[in-house]
Amino acid sequence: QVQLVESGGGWVQAGGSLRLSCTASGRTFSNYAMGWFRQAPGKEREFVAAISRSGGGLYYADSVKGRFTISRDNAENTVYLQMNSLNIEDTAVYYCAAKYSYSGSRYFTSTYDDWGQGTQVTVAS
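Residues numbered from 1 in each chain as written. Predicted model: local features only at pLDDT ≥ 70, side-chain atom pairs only at ≥ 80, totals over all residues. Heavy atoms only, no water.

Draft legend 1. Up close: the nonpolar core. Grouped together as the largest cluster of nonpolar side chains are 35 residues, with contacts concentrated most on Met34, Trp36, Leu81, Met83 and Tyr94. When contributions to this core are tallied by element, the ones reaching two or more residues are β3 (18–25), β4 (33–39), β5 (46–51), β7 (68–73), β8 (78–83), β9 (92–99) and β11 (119–124). The contacts of tyrosine 94, once residues within four sequence positions are left out, are Glu6, Leu20, Trp36, Phe37, Arg38, Val48, Phe68, Leu81, Met83, Gly118, Thr119 and Val121. (Core = buried A, V, L, I, M, F, W, Y, C linked by side-chain atoms within 4.5 Å. Buried < 20%, exposed > 50% of the residue type's maximum accessible area, 1.4 Å probe, protein only. Helix = DSSP H or I, 4+ residues; strand = E, 2+ residues; numbered from the N terminus. Contact = heavy atoms within 4.5 Å.)

Draft legend 2. Focus on the environment of isoleucine 51. Of note, isoleucine 51 is situated in strand β5. Residue classification places isoleucine 51 among the buried positions, given a relative accessible area of 3%. Not counting residues within four places of it along the chain, the set of residues in contact with isoleucine 51 comprises Ala33, Met34, Gly57, Leu58, Ile70, Ser71, Arg72 and Val79.

Draft legend 3. Spatial organisation of the state of the cysteines. Summed over all chains, the structure comprises 1 disulfide. Note on cysteine connectivity: cysteine 22 is disulfide-linked to cysteine 96, with sulfurs 1.9 Å apart. The chirality of the disulfide connecting cysteine 22 with cysteine 96 is right-handed, given an S-S dihedral of about 45°. Residue cysteine 22 is located in strand β3, and its partner cysteine 96 is located in strand β9; the two are separated by 74 residues in the primary sequence. (Disulfide = S-S within 2.5 Å.)

Draft legend 4. Quick look at unusual backbone geometry. Positive phi, normally seen in glycine, also occurs at asparagine 77, with a value near 55°. Residue placement: asparagine 77 occurs in the loop between β7 and β8. Asparagine 77 gets classed as partly exposed once you look at its relative accessible area, which sits at 28%. Even without being a glycine, serine 85 presents a positive backbone phi close to 50°. Along the polypeptide, serine 85 turns up in the loop between β8 and β9.

Draft legend 5. Structural context of the side chain of arginine 53. Positionally, arginine 53 belongs in the loop between β5 and β6 (58–60). An unpaired buried charge is present at arginine 53: no salt bridge exists, and aspartate 113, the closest side chain of opposite charge, is 7.2 Å distant. At 3.0 Å, the side chain of arginine 53 and the backbone oxygen of asparagine 31 are in polar contact. For arginine 53, the side chain forms a polar contact with the main-chain oxygen of serine 101, separated by 3.3 Å. (Lys, Arg positive; Asp, Glu negative; His and termini not counted. Salt bridge = Lys/Arg side-chain N within 4 Å of Asp/Glu carboxyl O. Polar contact = N/O pair within 3.5 Å; in protein donor to acceptor, adjacent residues only side chain to side chain.)

Draft legend 6. Structural detail: the packing of aromatic side chains. Taken as a whole and assessed by the stated rule, the structure comprises 7 aromatic pairs. Relative to tyrosine 107, the ring of phenylalanine 47 has its centre 4.7 Å away and its plane inclined at 75°; by these criteria the two rings are edge-to-face. You can see phenylalanine 47 sitting in strand β5 and its partner tyrosine 107 sitting in the loop between β9 and β10 (114–115), a full 60 residues away along the chain. For tyrosine 107, a relative accessible area of 38% gives the class partly exposed. Here tyrosine 95 and tryptophan 115 contribute two aromatic rings whose centre-to-centre distance is 6.5 Å and whose plane-to-plane angle is 80°, an arrangement assigned as edge-to-face. With tyrosine 95 in strand β9 and tryptophan 115 in strand β10, this residue pair connects regions lying 20 residues apart in the sequence. Residue classification places tyrosine 95 among the buried residues on the basis of a relative accessible area of 13%. (Phe/Tyr/Trp six-rings, centres within 6.5 Å; stacked < 30°, edge-to-face > 60°.)

Draft legend 7. Expanded view of the pattern of salt bridges. Across all of its chains, the model carries 4 salt bridges by this definition. Note that aspartate 62 and lysine 65 form a salt bridge whose closest N and O atoms lie 3.2 Å from each other. Since its relative accessible area comes to 68%, aspartate 62 is described here as exposed. Among the ionic pairs, arginine 67 bridges to aspartate 90, the shortest N-O distance being 2.8 Å. Taken together, the residues span a long stretch of sequence, with arginine 67 in the loop between β6 and β7 and aspartate 90 in the loop between β8 and β9 at a distance of 23 residues. Considered together, arginine 67 and aspartate 90 belong to a single accessibility category, that of buried residues. It is possible to trace a salt-bridge network through shared partners that takes in Arg38, Glu46, Arg67 and Asp90.

This is the structure:
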């Protein structure tokens, strides 16, 4: 099991930017593909972005493509989500997740093994 701690959430005006961080401990970080998901009130948790173990593979939801950038630093055991041009629809609790297996879709919550506690992002108009 890997422990994940997110940080960097907060309040921002529409059009602004935030950078989320997720730091892992307990296992070899580079053995895990990583993902970011979000959950807005009354909605299901949805895929935002994912990154492969080496960082060479990047995947995004259509709703954030061109605005969000996922990256990782395996030496620092950290994955990041740079969020630009935020809009009120981006308001949600953001979760990072770790996926150990090579099987299963990176887009589904059920294929991830470990989750952080979440960090709130609120975008105001």
